[in-house]
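The primary structure of each chain is shown beneath.
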Amino acid sequence: MDIVKIFGTNLRKYRTAIGLSQEAFADKCGLHRTYISAIECYRRSIALENVQRIADALEVKTYKLFLENKNEDKHCKKNTAINSKNKRSKKNDFYYKK
């Protein structure tokens, strides 16, 4: 079980189910669009505080974001391999909207 993949897959599933773009969703939960994208593409772990912000914005119970679905979404698999080589320092990342 890869919890980062499960969370990212579920985030994308619930976000698209309510018809929000990454940008609109990021605005709704107060996070940056590139951070949401990185989570959905399995390039970021996520702090518990942000898990709750995301669950609240999706209007789902937090635990549902951690339930494994055997039909895993592979939309970012190719990008994950490429981007894992190019990880930036967390010091330079902009997660929260100001």
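Structure first, text after, so check above.
Report on the accompanying structure.

The rules behind each value
- Residues numbered from 1 in each chain as written.
- Predicted model: local features only at pLDDT ≥ 70, side-chain atom pairs only at ≥ 80, totals over all residues.
- Heavy atoms only, no water.
- Helix = DSSP H or I, 4+ residues; strand = E, 2+ residues; numbered from the N terminus.
- Buried < 20%, exposed > 50% of the residue type's maximum accessible area, 1.4 Å probe, protein only.
- Polar contact = N/O pair within 3.5 Å; in protein donor to acceptor, adjacent residues only side chain to side chain.
- Contact = heavy atoms within 4.5 Å.
- Patch = residues over 30% accessible without salt bridge, like charges linked within 9 Å, V, L, I, M, F, W, Y side chains within 5 Å.
- Areas by Shrake-Rupley, 256 points an atom, 1.4 Å probe, with all protein chains shown as cover.
- Salt bridge = Lys/Arg side-chain N within 4 Å of Asp/Glu carboxyl O.
- Expected span 1.5 Å × (residues − 1).

With respect to the side chain of Arg15
No. 1: With respect to the element layout, Arg15 can be found in helix H1 (residues 3–17).
No. 2: The exposure class assigned to Arg15 is buried, which follows from its relative accessible area of 5%.
No. 3: In terms of polar contacts, Arg15 uses its side chain to reach the backbone carbonyl oxygen of Leu20, at 2.7 Å.
No. 4: Beyond its immediate stretch of four places on either side in the chain, Arg15 contacts Leu20, Ser21, Gln22, Phe25, Glu40 and Leu58.

Some details on a nonpolar patch on the surface
No. 1: There is a patch of nonpolar side chains on the surface, built from Met1, Ile3 and Phe66 and spanning about 320 Å² of accessible area.
No. 2: Mapped onto the secondary structure, Met1 falls in the segment before H1.
No. 3: Overall, the relative accessible area of 76% leaves Met1 in the exposed class.

A closer look at H1
No. 1: Between its first and last C-alpha atoms H1 spans 21 Å; for 15 residues at 1.5 Å apiece the expected length is 21 Å, and the two agree.
No. 2: For H1, the full list of buried residues reads Ile6, Phe7, Gly8, Thr9, Asn10, Leu11 and Arg15.
No. 3: Of the surrounding secondary structure, the elements contacted by the buried residues of H1 are helix H2 (22–29), helix H3 (33–40) and helix H4 (48–58).
No. 4: The backbone nitrogen of Val4 has a side-chain oxygen 3.1 Å away, supplied by the residue at the start of H1, namely Asp2.
No. 5: Trailing H1 by a residue or two, Gly19 shows a phi angle of about 75 degrees, which is positive.

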